[in-house]
Amino acid sequence: MVMNQVPEKAWLGQHNDYLVDAGNGHRLHRDVISPFLAMQDAAQKDGIDLQLVSSFRDFDRQTAIFNRKWAGQAQLLNTNGDELPFEALSDNEKLHAILTWSALPGGSRHHWGTDIDVYDRAAVHNWGGKFNLVEREYLSGGPCHALSCWLADNMEQFGFYRPFSVNTGGVAVEPWHLSFQNTAYAFENARHLDGFTKAIEQSDIEGKTCILPQLPSLYNRYVLNKGL
């Protein structure tokens, strides 16, 4: 896919013509489905039950996720994955807590169909604990540690990489988040602040009075993940 072939509504998650069914309610970019299935099959042969937690999410779905967290209807976590006391947070603290783990609508890589969250379903089932999709679950002693190690050794041969492998002061480390690099590159380079700003201004997102004055810095820190 050439960069100029990615319409603004596509990278914003407002419309996507590239999606195909990936089963179990998931959709992926048409260029990603075959590499993903090949990677899944290879993992299965090595005893890893690699399954999707999340795939494509549109702008409205991302707005709903953000608004639930803004309203205190879903837990907010710090960078270590520990729950924060919602009532004690200022609006600005709440905003940054949300963005550490959940993107603003229009700024999520999940809008493209190129990015996925994965886990080892069988290992999580056998583990028996509450699964929160935080980094420690993918480290030694966690149910998805074997999967994480397998991905480190094998994902690149299928075209995937981890865009959030390092905490730059923006998005938290997400060892479960994989991106199909060749296709995602076009979406990455199609993004621009003006289109993103207009989408937020016209959205039903909560907290606009907190978000809009600092949107350029939020865009750089969390959408482009350039950090502080």
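This is a predicted model, so every value here is computed, not measured.

Draft legend 1. Focus on the overall build of the chain. When you go through the chain residue by residue, the secondary structure sums to ten helices and six strands. For a compact globule of 228 residues, the expected C-alpha radius of gyration is about 17 Å, and the chain comes in at 17 Å, within 12% of that figure. Summarising its shape, the C-alpha atoms of the chain cover approximately 50 × 45 × 30 Å along the three principal directions. The buried share of the chain, reckoned over its 228 residues, is 54%. Computed over 19 positive and 27 negative side-chain charges, the separation of the two mean positions in the chain equals 2 Å.

Draft legend 2. Focus on the environment of proline 143. In this fold, proline 143 is placed in the loop between helix H5 (121-127) and helix H6 (145-154). Since its relative accessible area comes to 10%, proline 143 is described here as buried. Along the backbone, proline 143 and phenylalanine 86 are 57 residues apart, and their C-alpha atoms lie at a distance of 28 Å. If we skip the residues at most four places from it in the chain, proline 143 touches Asp120, Ala123, Val124, Trp127, Phe131 and Glu137.

Draft legend 3. How the structure looks around the sheet that holds strand E3 (residues 50-54). Spatial ordering of the open sheet is given by E3-E4-E6-E5, a layout of four strands whose pairing is antiparallel. Because the sheet does not close on itself, it has two edges, and the strands there are E3 and strand E5 (160-161). Here helix H2 (residues 33-45) sits on the sheet in contact with E3, strand E4 (115-120), E5 and strand E6 (177-180), set at roughly 135° to E3. Where helix H7 (residues 181-190) meets the sheet, it contacts E4, E5 and E6, and its direction lies at approximately 85° from that of E6.

Draft legend 4. Focus on the layout of surface pockets. Looking at the largest pocket, its volume works out to about 840 Å³. Along the walls of the largest pocket sit 36 residues, with Arg57, Lys69, Trp101, Ser102 and Asp117 positioned nearest its centre. At the level of secondary structure, the elements contributing two or more residues to the lining of the largest pocket comprise E3, helix H3 (59-70), helix H4 (91-101) and helix H10 (215-223). Considering every element that reaches the lining of the largest pocket, the biggest residue donor is H3, with five residues.

Draft legend 5. Region of the structure containing H6. Burial in H6 covers these residues: Leu147, Ser148, Trp150, Leu151 and Asn154. Looking down the long axis of H6, one finds its buried residues gathered within 165° of arc, a one-sided arrangement. Among the structural elements, H2, E3, E4 and E6 are those in contact with the buried residues of H6.

Cut-offs and rules
- Numbering of residues begins from 1 in every chain and follows the order in which that chain's sequence is written.
- Local features in a predicted model are, by the rule used here, given only for residues with pLDDT of at least 70; side-chain atom pairs are given and counted only at 80 or more, and totals for whole chains, interfaces and linings are based on all residues.
- Based on all heavy atoms of the structure, the side-chain values leave hydrogens and waters out of the count.
- Only DSSP runs of H or I reaching four residues or more are called helices, and only runs of E reaching two or more are called strands; each is numbered from the N terminus.
- Only the C-alpha atoms count toward the radius of gyration. The rule for a globule is 2.2 Å times the residue count to the power 0.38.
- Between buried and exposed lies partly exposed: a residue is buried under 20% and exposed over 50% of the maximum accessible area for its type, with that area taken using a 1.4 Å probe on protein chains only.
- The convention is simple: Lys and Arg are positive, Asp and Glu are negative, and His and the chain ends are not counted.
- Working definition for charges: the position is that of NZ of Lys, CZ of Arg, CG of Asp or CD of Glu.
- Here a residue-residue contact requires only that any non-hydrogen atoms of the pair lie within 4.5 Å.
- Note on pairing: two strands pair once DSSP finds at least 2 bridges between them.
- Helix axes use the C-alpha atoms of the stretch in contact, all axes being lines fitted to C-alpha atoms, and the angles between their N-to-C directions lie in the range 0 to 180 degrees.
- Buriedness of a pocket was judged along seven lines, with at least five required to meet protein on both sides within 12 Å; pockets are open sets of points on a 1 Å grid over the protein atoms alone, cavities are sets where a 1.4 Å probe fits but cannot get out, and lining residues have an atom within 4 Å of a point.
- Grid points are joined across faces, edges and corners, and a volume is the space filled by probe spheres set on the points.
- Throughout, the arc means that of the directions going from the helix axis to the C-beta atoms.

No statement about biological role is implied by the geometric values presented.
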